[in-house]
Every structure is written in C-alpha cells, then in structure tokens.
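The primary structure of each chain is shown beneath.
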Amino acid sequence: MYQVIGPKKSRALRVLWALEELGAPYDHLPDMPGSDAVKALNPSGKVPVLIVDGATLTDSTAIMTYLADRHGALIPAPGTIQRAHHDALMHTVLDEMDAILWMAAKHSFILPEAQRLPAIKDSLRWEWARSLDRLAPRIAGHCLMGDEFTIADILCAHCLNWGMAIKFDIAPDGVQAYQERMRDRPAFQRLLA
C-alpha cells in the first residue's frame, strides 16, 4: 500500500493520478506543503511525498517514474528509444511549462511579499504561450506519444490544468483538445469526485 502526502491542489495530484491509472491501492493524507508533518519527511517542506516499503520518496516526476517502472505501465521500457523520447518530453514539460508556472506561483504567494515581482507575470505569460506553440506539433496522436497514455501525459495535463487555473491562455486549439482528452480520462475524473 502506498501513502501519498500532499493536497490534491498541488503536484501531489500527479502521483494520485498515476496511482489511479495503475489501479494501485493507496492512502492519501492531504497535509499542506511546509507543514511540520511534511517537513518531517522532506526537509524542503515540498509535496508530494510517497511512503512505500518504509522508504520516503519525493518529487512528483521521480515518484511517477518509480511507480510506472515498478508496475510496468505508463512508461516505455528502460533502455529503449521510446523511453528516451518519453523522458525528453517530460524534461521539456518540466523546463518549459512547470518552471514557468512555479515562477508565477512564487511571485504570487510563495515568496515573502517584499521579494515578489508581480510584473514578471507578463513575461511568464509570453513564455508560456511560446512553450505551448512548441508543444502543439509534438502531440503525436490522442496522447503525447501517440495513442499510449504515459506519465508524460499526466505531467503535461497537470501543467495545462494549473495554467488554466491561474488564467494563462491554453492555445493553440490542438493543445486545448489534448487537455480536454486528458481531463476526460476516468482516472482523472475519479480524483475530481
């Protein structure tokens, strides 16, 4: 049994979604980032945290990769060209989407008020739009890598949903359609229930 720590309105949703897709049993503790309970497991205070077999794992991407490898699903086999393409997509999403959203969050509510630069959000919106324009031609079918749903899709869809929540435009149309397909997945819908 896995234990996932972190609220759904955080990167913990990525791990919960992966577990739902895998059909793996888990317990969910929605402890907030920076709480004493989270800091006891992860000194940075960041979520998600996964407890498995007495071990503590951190970082949503590392956790999802571990789960996918352990269950032999949601990821191409290690050492294959497909895995290299998959991992490249994940790093692209982390660099060109997640990093932008995290910077926007830091300058909205995470940094001390004196350190926030609200004007940076205009630049981040411009960079976000540029990133989505580059993402659109990489959507190779129903999912990022064709018809097979992977953890790269979880990562990308989570970022798109996060962007939408903070009023970053989701364009072009191909990216919007992709986001809708991902949101319609039964595993994602179970998390919203």
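Criteria and cut-off values
Residues numbered from 1 in each chain as written. Predicted model: local features only at pLDDT ≥ 70, side-chain atom pairs only at ≥ 80, totals over all residues. Heavy atoms only, no water. Helix = DSSP H or I, 4+ residues; strand = E, 2+ residues; numbered from the N terminus. Expected span 1.5 Å × (residues − 1). Buried < 20%, exposed > 50% of the residue type's maximum accessible area, 1.4 Å probe, protein only. Contact = heavy atoms within 4.5 Å. Polar contact = N/O pair within 3.5 Å; in protein donor to acceptor, adjacent residues only side chain to side chain. Pairing = 2+ DSSP bridges. Right-handed = clockwise from strand over helix to strand, strands pointing away.

A few words on helix H3 (residues 60–71). Here H3 spans 16 Å end to end across 12 residues, near enough to the 16 Å set by a 1.5 Å rise per residue. Among all positions in H3, only Ser60, Thr61, Ile63, Met64, Thr65, Leu67 and Ala68 are buried. Tucked into the core, H3 has its buried residues touching strand E1 (2–5), helix H1 (12–22), strand E3 (49–52), strand E4 (55–58), helix H4 (81–110) and helix H6 (151–165). Structurally, the start of H3 carries an N-cap: the backbone nitrogen of Thr61 is 3.0 Å from a side-chain oxygen of Asp59. Following H3 by one or two positions, Gly72 adopts a phi angle in the positive range, close to 60°.

Moving on to the side chain of Glu20. Secondary-structure assignment places Glu20 in helix H1. By relative accessible area, which is 17% here, Glu20 ends up buried. Beyond its immediate stretch of four places on either side in the chain, Glu20 contacts Tyr26, Ala187, Arg190 and Leu191.

Here the focus is the pairing of E1. With 4 bridges joining them, E1 and strand E2 (residues 26–29) adopt parallel strand pairing. Paired with Tyr2 across the bridge in E2 is Tyr26. Handedness of the crossover joining E1 and E2 through H1 is recorded here as right-handed. Judged from the 3 bridges that link them, E1 and E3 form a sheet pairing that is antiparallel. Residue pairing in the sheet places Gln3 in a bridge with Ile51 of E3.

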